[in-house]
Structure formats: C-alpha cells, structure tokens
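Chain residues, written in single-letter form:
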Amino acid sequence: MATQLPTTDIRIGADLIRRRKGGTPIVCLTAYTYPIARLLDPYVDLLLVGDSVAMVLHGHETTLGASLEMMIAHGQAVMRGSAKACVVVDMPAGTYEDSAAQAVVSARRIVGESGCQAVKLEGGVDMAAQIAAIVAADIPVMGHIGLQPQSVEKDGGYKIKGRTDENVAALIADALAVEKAGAFSLVIEGTIETVAADITRRIAIPTIGIGASGECDGQILVIDDMVGLTVDRVPKFVKQYADLRSVIAHAAERYASEVRDRDFPGPTHVFSRTNGGDES
Ligand code: KIV
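Attention here is on the structure that accompanies the text. These figures come from a predicted structure and were not determined experimentally.

The volume enclosed by the largest pocket comes to roughly 780 Å³. Forming the walls of the largest pocket are 36 residues, and the residues nearest its centre are Met-55, Val-222, Asp-225, Arg-233 and Pro-235. Looking at the lining of the largest pocket, the elements with two or more residues in it are α3 (53-56), β6 (185-189), β8 (218-221) and α10 (223-226). Class assignment for the residues of the lining of the largest pocket results in 17 nonpolar, 8 polar and 11 charged. In this structure, the second largest pocket encloses a volume near 360 Å³.

Set out below in structure tokens:
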C-alpha cells in the first residue's frame with residue numbers, strides 16, 4: 001500500500017499550476033464524486049470535474065449529455081471531498097460557444113455555485129474571445145485543444161489530430177490563441193506525439209497531455225479508465241493501473257451467493273439487546 005502524501009490546508013490555485021511550467025510534471029486526474037475526490041486529493045495537483053462525467057457516471061453516449069447543473073453538482077461534491085488540489089470544472093457544450101457574454105455568465109455560475117478554482121473549455125482560435133472574457137472576469141481558464149470530445153459528432157468520431165501539415169498548423173495556432181487569451185494551462189488531447197511536444201516548447205503556459213506526449217508539463221487521465229471501472233469504450237492511450245470492475249464483480253458474486261445461502265447477515269451484522277450500543 002502506497003504511503004499517503006502529506007496533506008496541507010493550502011489549496012493549490014491556478015496561478016501555482018501556471019508557475020509549474022517546465023518543472024516537476026503536474027499530476028491531474030478527473031474526479032466526479034466526494035469519495036473519489038477524498039481518495040485522490042493527497043496524490044494529485046489538480047482534479048478535473050470533466051464533462052466526461054456525462055458518459056462515465058450518467059451513461060450518456062457523448063459528453064454532449066452534460067448540463068450546467070450536472071457540472072455544478074459534481075463540482076460541489078469534488079470541492080467537499082478535496083482540500084489541496086486545484087479543482088477545475090468543465091464548461092459543458094452549449095453554455096459558452098455563442099458569445100463571450102454567455103461564456104462569462106456560465107463560468108460565473110460554475111465558480112460561484114461550486115467554489116472551484118477554475119473552468120475549462122474546448123476550442124482554440126474559435127474560442128479565444130470567450131477565454132479572454134472569462135479571464136477578464138477574474139476566473140482562471142484551462143484551455144483544451146486537439147481531440148475535442150464535444151465536437152465528436154461534427155468530427156465523425158474520436159479522431160487523432162495532427163496527421164497533416166495543415167492540421168499541425170491549426171493546432172499550433174489554437175495553442176498560441178489560447179495562451180494569448182490568458183488561459184493558465186492547456187489540455188492537449190489525442191494528438192501526434194511530436195506535435196504535442198512541439199506545442200509544449202512553444203508556449204509559456206503548462207500543457208497537460210492525454211494521449212499526447214510525455215514531454216507535456218503534466219498528464220491527465222479519466223479516473224474510471226485509469227482504475228478499470230469504465231464499462232464501455234476505453235481509449236487506446238489509457239494505461240490501466242487497477243482492475244476495479246473485477247473487484248466489484250467478485251464482491252457482488254460473493255454477496256449474492258451468501259444472501260441466497262443465508263450466510264449473510266451473520267451474527268455480527270445484526271442487533272440483539274446484548275451486543276452493543278444504539279449506533280449502527
Ligand atoms: O472531460 C474530461 O474528462 C476531459 C479530460 C479527458 C481532459 O476533458
């Protein structure tokens with residue numbers, strides 16, 4: 001069993017993440033619930049309440065199933081369960097793309113109602129005005145370029161980016177636009193490795209890779225993919241560090257058999273007038 005890292009009462013802010021450019025890699029994971037946030041908080045620098053929650057926990061086909069209310073509720077749970085990590089909440093599709101004004105209203109709701117440190121949104125050159133407006137409203141923004149799950153229907157699937165010269169130029173333009181707009185960090189998802197490494201060298205804010213490059217300033221994975229809980233599609237770039245599906249299935253199988261055999265509950269799982277106090 002790994003040793004617990006020392007906990008601290010000081011929560012990591014977006015500014016500290018920005019200053020980690022080029023330093024010790026920034027450890028990020030997604031989290032959507034109170035117990036998982038409590039488990040992960042000692043080990044990570046940043047917890048992302050990703051809109052992947054719509055697929056992972058709510059069973060939607062794509063992240064387009066996420067709503068503002070869903071993100072705020074999960075953001076609140078993750079804030080309650082963490083003390084140290086910088087908590088970033090995703091802006092769901094349909095809550096920021098129309099205008100800078102719409103983006104600021106949504107970002108204010110997310111931060112105001114969840115208490116998180118920052119928001120994340122997908123897009124590069126096309127979303128620079130939104131990022132700049134949210135930053136001007138004093139809300140730190142994490143960018144997200146490359147494979148953008150909110151565009152998966154438009155793109156016709158989960159397609160790796162940066163395979164053509166034209167696409168590489170567009171990715172670099174996106175990264176520079178996000179940096180110029182004032183984002184404190186940038187997620188690069190699903191790109192050719194050398195492109196993500198090149199972008200990491202070109203911009204002054206930390207890059208957080210997922211299916212990108214080991215040269216990024218940090219890495220992120222979806223927690224359920226990482227611990228082997230994901231039921232449906234797991235992307236090729238995921239490394240699975242545990243197999244919790246098997247652990248849960250095995251526990252459920254044993255429970256079912258013990259209930260059917262009347263082995264559970266046993267004497268220590270029931271109350272008598274003599275075996276203990278009033279507390280359950
Ligand atoms: O929604 C999410 O989980 C994400 C990560 C994959 C970066 O955006």
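The discussion continues.
Here we come to helix α8 (residues 165-181). Its 17 residues place the ends of α8 24 Å apart at the C-alpha level, agreeing with the 24 Å of an ideal helix rising 1.5 Å per residue. What α8 keeps buried is the set Leu-171, Ile-172, Asp-174, Ala-175, Ala-177, Val-178 and Ala-181. Close packing links the buried residues of α8 with α6 (128-136), β5 (141-146), β6 and α9 (193-202). Taken from the residues just after α8, Gly-182 is the one with a positive phi, measuring 105 degrees.

So, about the sheet that holds β6. Read around the closed barrel, the 8 strands follow the order β1-β2-β3-β4-β5-β6-β7-β8; overall the barrel is parallel. Here the average twist between neighbouring strands, direction ignored, is 25 degrees. The sheet contact formed by β6 and strand β7 (residues 207-210) spans 4 bridges and is parallel. Within β7, the residue paired with Ile-188 across the bridge is Gly-209. The strands that α9 touches are β5, β6 and β7; relative to β6, the one it contacts most, it runs at about 170 degrees.

Taking 1.5 Å per residue as the helical rise, helix α11 (residues 244-260) with its 17 residues ought to reach 24 Å, and the 24 Å between its terminal C-alpha atoms agrees with that figure. Where α11 ends, the next residue or the one after it, Arg-262, has phi of about 60 degrees, a positive value.

Looking now at the nonpolar core. Most often, soluble globular proteins have nonpolar side chains that are buried together. Leu-47, Ile-134, Leu-186 and Ile-199 are the most contacted members of the largest nonpolar core, which totals 58 residues. Not counting residues up to four positions away in its chain, the partners in contact with Ile-199 are Ile-145, Leu-171, Ile-172, Ala-175, Leu-186, Ile-188 and Thr-207.

This next bit is on the site of the ligand. Around the ligand, the neighbouring residues are Thr-30, Leu-48, Gly-50, Asp-51, Ser-52, Asp-90, Lys-120, His-144, Val-187, Glu-189, Ile-210 and Val-222. Residue Asp-51 places a side-chain N or O atom 3.0 Å away from an oxygen atom belonging to the ligand. Residue Asp-90 places a side-chain N or O atom 3.2 Å away from an oxygen atom belonging to the ligand. When the free accessible area of the ligand is taken as 260 Å², the share hidden by the protein chains comes to 97%. Here the ligand is seated within the largest pocket. In the shell around the ligand, the residues fall into 4 nonpolar, 4 polar and 4 charged.

Attention now goes to the side chain of Asp-174. Here Asp-174 is to be found in helix α8. Among buried Asp, Glu, Lys and Arg side chains, Asp-174 stands out as unpaired, with Lys-161 the closest opposite charge at 8.7 Å. Apart from residues no more than four positions distant in its own chain, Asp-174 is found in contact with Gly-124, Val-125 and Ile-145.

Next up on the list: unusual backbone geometry. Cis geometry is adopted by the peptide bond preceding Pro-265, which originates at Phe-264 and carries an omega value of 0 degrees. Residue placement: Pro-265 occurs in the segment after α11. You will see that Asp-138, though not glycine, has its phi angle at about 70 degrees, which is positive. Note on placement: Asp-138 falls in the loop between α6 and β5. The class of Asp-138 is exposed, set by a relative accessible area of 71%.

Any two packed helices are characterised by the angle at which their axes cross and by the distance between the axes. Their axes nearest at 8 Å, the elements α6 and α8 cross at an angle of 20 degrees. Between α6 and α8, the interaxial angle falls into the category roughly parallel. Note on packing geometry: the crossing formed by α6 with α8 is right-handed. Of α8, the residues touching α6 (which contributes Ala-128, Ile-131, Ala-132 and Val-135) are Ala-177, Val-178 and Ala-181. Of the residues contributing to the contact of α6 with α8, the split by class is 7 nonpolar, no polar and no charged.

The rules behind these values
Residues numbered from 1 in each chain as written. Predicted model: local features only at pLDDT ≥ 70, side-chain atom pairs only at ≥ 80, totals over all residues. Heavy atoms only, no water. 1 Å grid on protein atoms, 1.4 Å probe; cavity = no way out; pocket = protein on both sides within 12 Å on 5 of 7 lines; lining within 4 Å. Points joined across faces, edges and corners; volume = space filled by probe spheres on them. Helix = DSSP H or I, 4+ residues; strand = E, 2+ residues; numbered from the N terminus. Nonpolar A, V, L, I, M, F, W, Y, C, P; charged D, E, K, R; others polar. Expected span 1.5 Å × (residues − 1). Buried < 20%, exposed > 50% of the residue type's maximum accessible area, 1.4 Å probe, protein only. Contact = heavy atoms within 4.5 Å. Pairing = 2+ DSSP bridges. Axes fitted to C-alpha atoms, helices over the stretch in contact; angles between N-to-C directions. Core = buried A, V, L, I, M, F, W, Y, C linked by side-chain atoms within 4.5 Å. Near = heavy atom within 4 Å. Polar contact = N/O pair within 3.5 Å; in protein donor to acceptor, adjacent residues only side chain to side chain. Areas by Shrake-Rupley, 256 points an atom, 1.4 Å probe, with all protein chains shown as cover. Sits in = over half its atoms within 2 Å of the grid points. Lys, Arg positive; Asp, Glu negative; His and termini not counted. Salt bridge = Lys/Arg side-chain N within 4 Å of Asp/Glu carboxyl O. Parallel < 35°, antiparallel > 145°, perpendicular 65-115°, else oblique. Left-handed = near helix turned anticlockwise from the far one by under 90°.

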